[in-house]
Amino acid sequence: MIARRLTISGRVQGVGFRYALAVEARTRNLGGWVRNRRDGSVEAVVVGPEAEVEAVIAWARHGPPAAHVTGVSVEPTAEAASRFEVVSTV
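Residues numbered from 1 in each chain as written. Predicted model: local features only at pLDDT ≥ 70, side-chain atom pairs only at ≥ 80, totals over all residues. Heavy atoms only, no water.

**Regarding the environment of Thr7**
As a reminder, the rule being used: To qualify as a helix, a DSSP run of H or I must reach at least 4 residues; to qualify as a strand, a run of E must reach at least 2; elements of each kind are numbered from the N terminus. The criterion used for residue contact is that any of the two residues' heavy atoms lie within 4.5 Å.
Inspection of the secondary structure puts Thr7 in strand S1 (residues 2-11). Separated by 49 residues in the primary sequence, Thr7 and Val56 place their C-alpha atoms 13 Å from one another. When near neighbours in sequence (up to four residues on either side) are disregarded, Thr7 contacts Ser41, Val42, Gly71, Val72 and Ser73.

**Topic: helix H1 (residues 17-27)**
Our working definition: Note on exposure labels: buried denotes an accessible area under 20% of the residue type's maximum, exposed denotes more than 50%, and partly exposed covers the range between, all computed with a 1.4 Å probe on protein chains only. The reported arc concerns the directions from the helix axis to the C-beta atoms and nothing else.
Among all positions in H1, only Phe17, Arg18, Leu21, Ala22 and Ala25 are buried. Angularly, the buried residues of H1 cover 130° about the axis, an arc narrow enough to put them on a single face. Next to the buried residues of H1 lie S1, strand S2 (31-36), strand S3 (42-48), helix H2 (50-60), strand S4 (68-76) and strand S5 (84-86). Following H1 by one or two positions, Asn29 has its phi on the positive side, about 60°.

Here you go:
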């Protein structure tokens, strides 16, 4: 099990990014959360088997059809979660 914090930049708000990422994570039985940030980026923590987490990171590099991702920052984190949630903006 690994945990990664993602910060996704570009046109990623108002295009269904959070909900699409949640579907990707839930489909892979991952834990964590996703939220919009006031700076216009999307932040997420993804927890689970390495191959599945890496697959979600790869998906985040392009996102849903209406998104235009310009960058994805990935950092290790010690957070733990058993289910995946969409949480409030910070």
